[in-house]
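Below, each chain spelled out in residue letters.
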Amino acid sequence: MTQALKLFREAANYYHYTMAYNFIGEIYLQQCNYKWAYSWYLKAAKDGDAEGNCMIGYIYDIGLWLSRDEEVAYSYYAKAADTNDFDVITALALRFQIGKNIQKEEEVAANIFEVIAERGDMLAQYRIGLCYLNGLGRERNKEIALKWLGKAIKQGCEEAKEALKDVRSLKE
C-alpha cells in the first residue's frame, strides 16, 4: 500500500473524510479491485456526496463486480443530482465520455447528463443535446438534440447556440 493510500485511509477512518473515501475508491477502481472501490464509494454516497453517488451509479450501470442494474444506477445518479453539485457531476460524466483515467463509457456519460439535464442544469442540457446530435452514448436523434439544445439556449448557453447553427447548416 502506498504512503498516500495509507494516509487517506487513516483520514477516512478517523475523520470520516468524504474526499478521502472517493480518493481511495478511485485507487481501487484503477487497480480493478471493484469490491473495495464499491465499498469506499458507498461510504461517500451514504454521506450524500455527489461523486460517491455518481460512481456507485457507474458501478451498477456497467456491472462492475455487481450485476448490471440500470434502475439502481439511475437512482444513484438522481441522488448525485439531488446534491445540486452539478459541476462535479458534469466533470465525472465528461471523464466517462472521453475516457480520462477511466474506461471510456459514452452511454454512462449520457445517462448522467440526462439525469442532471432533467433537473435543469444548462451545461448538462447542452451536453445531452450533443450526445443525441452526434450519437455519443445515445442513438442519433436530431429532434431530441434540438429539444435539449433549445433548453440550454433558453438559459443562455452560447455553446448550444453554436451547435444549433451547425445543425441548421446541415439541413440546408
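Residues numbered from 1 in each chain as written. Predicted model: local features only at pLDDT ≥ 70, side-chain atom pairs only at ≥ 80, totals over all residues. Heavy atoms only, no water.

Colleague: So what exactly am I meant to see when it comes to helix H1 (residues 3–15) here?
Modeller: Helical periodicity: at 3.6 residues per turn, an α-helix aligns residues three or four positions apart in one direction. Taking 1.5 Å per residue, 13 residues should reach 18 Å; H1 reaches 18 Å between its end C-alpha atoms and fits that length. Looking only at H1, the buried set comprises Leu-5, Ala-11 and Ala-12. Buried residues of H1, viewed axially, fall in a sector of 125°; they line one side. Turned more than 90 degrees off the buried face of H1, the exposed positions are Gln-3 and Tyr-14. (Helix = DSSP H or I, 4+ residues; strand = E, 2+ residues; numbered from the N terminus. Expected span 1.5 Å × (residues − 1). Buried < 20%, exposed > 50% of the residue type's maximum accessible area, 1.4 Å probe, protein only. Arc of directions from axis to C-beta.)

Colleague: When you look at the packing of aromatic side chains in this model, what are you seeing that I'm missing?
Modeller: For any two aromatic rings, the description comes down to two numbers: the centre-to-centre distance and the angle of the planes. Taken as a whole and assessed by the stated rule, the structure comprises nine aromatic pairs. Centre to centre, the rings of Tyr-38 and Trp-65 are 5.5 Å apart; their planes meet at 50°, and the pair counts as tilted. Of this pair, Tyr-38 sits in helix H3 (residues 34–46) while Trp-65 sits in the loop between helix H4 (50–62) and helix H5 (70–82), and the two are 27 residues apart along the sequence. In this structure an aromatic cluster arises from ring pairing among Tyr-38, Tyr-60, Trp-65 and Tyr-76. A cation sits over an aromatic face here: Lys-43 above Trp-40, 4.3 Å from the ring centre. Positioned over the ring face of Tyr-76 is Lys-79, at 4.5 Å from the centre of the ring. (Phe/Tyr/Trp six-rings, centres within 6.5 Å; stacked < 30°, edge-to-face > 60°. Lys NZ or Arg CZ within 6 Å of the ring centre and 35° of its normal.)

Such coordinate-based values are descriptive only and should not be taken to indicate function.
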